[in-house]
Amino acid sequence: QVQLVESGGGLVQPGGSLRLSCAASGSIFSIYTMGWHRQVPGKQRELVARITSGGSTNYADSVKGRFTISRDDARNTVTLQMDSLKPEDTAVYYCNMVVVGADFKIYDYWGQGTQVTVSS
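Residues numbered from 1 in each chain as written. Predicted model: local features only at pLDDT ≥ 70, side-chain atom pairs only at ≥ 80, totals over all residues. Heavy atoms only, no water.

I'd like to hear about the overall build of the protein chain, residue by residue, with values.
A count of helices and strands for the protein chain gives 0 helices and 11 strands. Listed N to C, the secondary structure of the protein chain is β-β-β-β-β-β-β-β-β-β-β in terms of helices and strands. Looking at the protein chain as a whole, 40% of its 120 residues qualify as buried. As presented, the protein chain carries roughly 6300 Å² of accessible surface, and 49% of it is formed by carbon and sulfur atoms. Taken together, the 11 basic and 10 acidic charged side chains of the protein chain have centroids lying 2 Å from each other. (Helix = DSSP H or I, 4+ residues; strand = E, 2+ residues; numbered from the N terminus. Buried < 20%, exposed > 50% of the residue type's maximum accessible area, 1.4 Å probe, protein only. Areas by Shrake-Rupley, 256 points an atom, 1.4 Å probe, with all protein chains shown as cover. Lys, Arg positive; Asp, Glu negative; His and termini not counted. Charge placed at Lys NZ, Arg CZ, Asp CG, Glu CD.)

Printed below as a string of structure tokens:
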């Protein structure tokens, strides 16, 4: 079993910055992709950013140039640096990791979600 623990959400004014982190622990052999999704009430969860084990990244068009995703494989962590935040970035942000377990099977794990609110 693997647990994902997120941190770093909160309230910020428009134009401000926040940094989200997610750490995985448990029976991990390796981690393929790490990513962040977000969801607002009444809407589908959407991909914000994703990074592969090789370091390739992709971003939602709405966050390109403002958000940066990075990973630390030694610590099994993924970080989302969010700059120039806008009110429309307000959502619950979820960490996601595709993990190769100690049994060499592939698992898809999600964090519990962290609230990001952008408001003056």
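Requested: an account of the pairing of strand E1 (residues 2-7), with residues and values cited.
Taking every second residue as pointing to the same face, the buried face of E1 carries Val2, Leu4 and Glu6, while none of Gln3, Val5 and Ser7 on the other face is buried. Note that E1 and strand E3 (residues 18-26) share 6 bridges and pair antiparallel. If you follow Val2 over to E3, its bridge partner there is Gly26. (Pairing = 2+ DSSP bridges.)

So what's going on with the side chain of Arg71? Residues and values would help.
Within the secondary structure, Arg71 sits in strand E7 (residues 67-72). We classify Arg71 as buried; its relative accessible area is 17%. Engagement of the side chain of Arg71 in a polar contact is seen with the backbone oxygen of Tyr32, the distance being 2.7 Å. Among the polar contacts listed, one links the side chain of Arg71 to the backbone oxygen of Ile51, at a separation of 3.4 Å. With sequence-adjacent residues up to four places away left out, Arg71 is seen in contact with Ile31, Tyr32, Thr33, Met34, Ile51, Thr52, Ser53, Thr77 and Val78. (Polar contact = N/O pair within 3.5 Å; in protein donor to acceptor, adjacent residues only side chain to side chain. Contact = heavy atoms within 4.5 Å.)

Before we move on, could you go through the environment of Arg45 and cite the residues and values that matter?
The residue Arg45 is located in the loop between strand E4 (28-39) and strand E5 (46-51) in this model. Note on Arg45: relative accessible area 35%, which makes it partly exposed. In this view, Arg45 contacts His37, Arg38, Gln39, Tyr94 and Trp110; residues no more than four positions away in its chain are not counted. Within the local environment of Arg45, its side chain forms a polar contact with the side chain of Gln39, the two groups lying 3.4 Å apart.

Which residues make up the state of the cysteines, and what values do they have?
Working definition: the covalent bond between the sulfur atoms of two cysteines is a disulfide. For the structure shown, the criterion picks out 1 disulfide. Disulfide partner of Cys22: Cys95, at an S-S distance of 2.1 Å. When the S-S torsion is -85°, as for the bridge of Cys22 with Cys95, the disulfide is left-handed. With a gap of 73 residues between them, Cys22 in strand E3 and Cys95 in strand E9 (residues 91-101) connect regions that are remote in the sequence. Each member of the pair, Cys22 as well as Cys95, is classed as buried. (Disulfide = S-S within 2.5 Å.)

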